[in-house]
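A closer look at the structure
For reference, the chains in residue letters:
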Amino acid sequence: MARRKKVYEGKAKILYEGPEPGTLVQYFKDDATAFNAQKKDVIEGKGVLNNRLSEFFMTGLAQIGVPTHFIRRLNMREQLIRSVEIIPLEVVVRNFAAGTLSQRLGLEEGTPLPRPIVEFCLKDDALGDPLVAEEHIIAFGWASQQDLDDMVALALRVNDFLSGCMLAVGIKLVDFKIEIGRIWDNDFQRLIVADEISPDSCRLWDMETGQKLDKDVFRRDLGNLADAYTEVARRLGVLPSNVTPASKPTLIN
Ligand code: UDP
């Protein structure tokens, strides 16, 4: 294979130059990190599952008219995406209390919220991605008021879509994080969903048992992460045929 130019390497993905201007190749690694990369491991098969799951969600979003960076999946670990200028904010949507919201406000995990809550965190690993208010975002110029309104509208559409997808397969969407990018069509700027949508960036609980099927399995040492993601992929009908769940081999007589 021809050498490709690496544009960026993050904790879970690598971006390479794409075949045409304005495109990138997004490669999903098996690396898992938590607590601002203080906890690290390699989870065999995670990248393959997240590539498929992100394809599934991004394709569905496009079908209901929510613009995303996804163009097409290239292989088991790579997808072709539109190059965007990432807005340096993590957009978190919450339907039930969990994680840092529970800690900050003393809410029991799983408490239903009166309405979906959209939060913004500054993308800055050195600072631990701090929660920021709209005031900070506007004052420091990370996004405009119009961008913020568009980001909230996009995030809530993604929330309704993902909540519905999950409900259909017996999973509760507790919360999730997305990243949003800018693209230009001539002089006209648009915001689109970028990065990935996968169990790495969602909280997913089984409706019946409350079992966690997301990265909290890794963060909180609750079992095998690949098994949890495989279960999500299996329920959604997107399990790649050539990836077997990460269980022990069994003898077939
Ligand atoms: N999240 C993420 N990346 C981050 C921080 C949060 O994908 O850097 C996701 C996380 O998986 C959860 C949601 O955003 O689904 C809300 O996370 P929270 O603020 O509770 O922080 P956490 O407990 O994950 O540190």
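Residues numbered from 1 in each chain as written. Predicted model: local features only at pLDDT ≥ 70, side-chain atom pairs only at ≥ 80, totals over all residues. Heavy atoms only, no water.

Looking up the protein in an unreviewed UniProt entry gives the name Phosphoribosylaminoimidazole-succinocarboxamide synthase, with the organism given as Kangsaoukella pontilimi. For the record of the protein, the UniProt heading Catalytic activity (unreviewed entry) holds the text "5-amino-1-(5-phospho-D-ribosyl)imidazole-4-carboxylate + L-aspartate + ATP = (2S)-2-[5-amino-1-(5-phospho-beta-D-ribosyl)imidazole-4-carboxamido]succinate + ADP + phosphate + 2 H(+)". Quoted verbatim from the Sequence similarities (unreviewed entry) heading of the UniProt record, the comment on the protein is "Belongs to the SAICAR synthetase family." (UniProt positions renumbered as here; feature names shortened; annotations may be inferred.)

**Points about the overall build of the protein**
Along its length, the protein carries 6 helices and 14 strands. Its C-alpha radius of gyration of 18 Å places the protein within 12% of the 18 Å reference for a compact globule of 253 residues. C-alpha extents for the protein along the principal axes are approximately 65 × 55 × 35 Å. Per-residue burial over the protein gives 49% buried out of 253 residues. Nonlocal contacts in the protein, meaning residues at least 24 apart in sequence, comprise 56% of its contacts between residues at least 6 apart. Total accessible area computed for the protein in this model is approximately 13100 Å², and 52% of it derives from carbon and sulfur atoms. Positive and negative side-chain charges of the protein, numbering 32 and 37 respectively, have mean locations separated by a distance of 4 Å. (Helix = DSSP H or I, 4+ residues; strand = E, 2+ residues; numbered from the N terminus. Rg over C-alpha atoms; globule rule 2.2 N^0.38 Å. Buried < 20%, exposed > 50% of the residue type's maximum accessible area, 1.4 Å probe, protein only. Contact = heavy atoms within 4.5 Å. Areas by Shrake-Rupley, 256 points an atom, 1.4 Å probe, with all protein chains shown as cover. Lys, Arg positive; Asp, Glu negative; His and termini not counted. Charge placed at Lys NZ, Arg CZ, Asp CG, Glu CD.)

**Some remarks on the state of the cysteines**
The final tally for this structure, using the stated rule, is 0 disulfides. The closest cysteine sulfur to the non-disulfide-bonded Cys 165 is located on Cys 202, 10 Å from its own sulfur. (Disulfide = S-S within 2.5 Å.)

**Overview of the nonpolar core**
Formed by 50 residues in total, the largest nonpolar core has its most connected members in Leu 89, Met 151, Val 158, Ile 178 and Ile 197. If one sorts the elements of this core by residue count, helix α4 (residues 145-167) sits on top with 9 residues. Beyond its immediate stretch of four places on either side in the chain, Val 158 contacts Leu 61, Val 66, Phe 176, Ile 178, Val 193 and Ile 197. (Core = buried A, V, L, I, M, F, W, Y, C linked by side-chain atoms within 4.5 Å.)

**Some words on a negative patch on the surface**
A surface patch of negative charge is lined by Glu 134, Glu 135, Asp 149 and Asp 150. Only α3 (134-139) and α4 provide two or more residues apiece to the negative patch. Following the sequence through the fold, Asp 149 ends up in helix α4. The exposure class assigned to Asp 149 is partly exposed, which follows from its relative accessible area of 42%. (Patch = residues over 30% accessible without salt bridge, like charges linked within 9 Å, V, L, I, M, F, W, Y side chains within 5 Å. Salt bridge = Lys/Arg side-chain N within 4 Å of Asp/Glu carboxyl O.)

**Regarding unusual backbone geometry**
Residues other than glycine seldom take positive phi values, yet Asp 129 does so here, at roughly 50°. Relative to the assigned elements, Asp 129 resides in the loop between β10 (112-122) and β11 (131-132). In this model, Asp 195 sits at a positive phi of 60°, which is unusual for a non-glycine residue. One can find Asp 195 in the loop between β13 (188-194) and β14 (202-206).

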